[in-house]
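Examining the three-dimensional arrangement
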Amino acid sequence: MELDDFDAYPISHNGRVYNIITAMDLTFREVRGLIDALVAMGAFAAGPGGHDHAELFTCTAEGFVFEVDVQGFDVMVYRREQAR
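Sequence positions are assigned chain by chain, starting from 1 and proceeding in written order. The predicted nature of this model means local features are confined to residues of pLDDT at least 70 and side-chain atom pairs, given and counted, to a pLDDT of 80 or more, with totals for whole chains, interfaces and linings taken over all residues. To obtain the side-chain values, all non-hydrogen atoms of the structure were used and water was disregarded.

Here we come to the side chain of Asp69. Secondary structure elements follow DSSP: runs of H or I of four or more residues count as helices, runs of E of two or more count as strands, with numbering from the N terminus. Looking at where Asp69 falls in the secondary structure, it is placed in strand S4 (residues 64-71). Burial status follows relative accessibility: with a 1.4 Å probe on protein chains alone, a residue under 20% of its type maximum counts as buried, one over 50% as exposed, and anything between as partly exposed. In this tally Asp and Glu are treated as negative and Lys and Arg as positive; neither His nor the chain ends contributes. Salt bridge criterion: a side-chain nitrogen from Lys or Arg within 4 Å of a carboxyl oxygen from Asp or Glu. Buried within the structure, Asp69 lacks any salt-bridge partner; Arg79 is the closest side chain of opposite charge, at an N-O distance of 13 Å. Any pair of N or O atoms that falls within 3.5 Å is considered a polar contact. Within protein, one atom must be able to donate a hydrogen and the other to accept it, and sequence-neighbouring residues count only if both atoms are side-chain atoms. Only 3.5 Å separates the side chain of Asp69 from the side chain of Gln71, close enough to count as a polar contact.

Moving on, we come to helix H1 (residues 28-40). Every helix has an expected span of 1.5 Å times one less than the residues it contains. Here H1 spans 18 Å end to end across 13 residues, near enough to the 18 Å set by a 1.5 Å rise per residue. Of the positions making up H1, those classed as buried are Glu30, Val31, Gly33, Leu34, Ile35, Ala37 and Leu38. Any pair of residues with heavy atoms lying within 4.5 Å of one another is described as a contacting pair. On its buried side, H1 packs onto strand S1 (7-13), strand S2 (16-22), strand S3 (57-61), S4 and strand S5 (74-82). Gly42 sits one or two residues past H1 and shows a positive phi near 80°.

Time to look at the pairing of S1. Both faces of the sheet carry side chains from a regular strand, because those side chains alternate between them. Each pair of strands is called paired provided DSSP finds at least two bridges between the two strands. Relative to S2, S1 runs antiparallel, the two sharing 7 bridges. Along S2, the bridge assignment pairs Asp7 with Thr22. Between S1 and S2, which pair antiparallel in sequence order, lie 2 residues; one of them, Asn14, sits at a positive phi of approximately 50°.

The next subject is the nonpolar core. Judged by nonpolar contacts, the single largest core of 21 residues is most densely connected at Leu38, Phe44, Val68 and Val75. Contributions of two or more residues to this core are made by S2, H1, S3, S4 and S5. Of the residues forming this core, the biggest block, 5 residues, is contributed by H1. Val75 has contacts with Asn19, Ile20, Ile21, Leu34, Leu38, Phe44, Val68, Asp69 and Val70, leaving out every residue within four places of it along the chain. In this description, a nonpolar core means a group of buried Ala, Val, Leu, Ile, Met, Phe, Trp, Tyr and Cys residues linked to one another through side-chain atoms lying within 4.5 Å.

Below you can see the structure in the form of structure tokens.
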């Protein structure tokens, strides 16, 4: 995946606006499930300023496994594959 292939999609969910940055076509159900899973993992605990992560988050939503990086409320989706 080239960086030029990525697009940013602002998504309003539960009173917050998240930027989903991805080169993949994701459904709204997948995106909302992904955000809910990341909230449950504490991925947004640092707030809008965010902080650097040394590792990616891996979570399952809507039957898929996602690998993402979270910076503030920006979510960079790197991998999406069918859950086993």
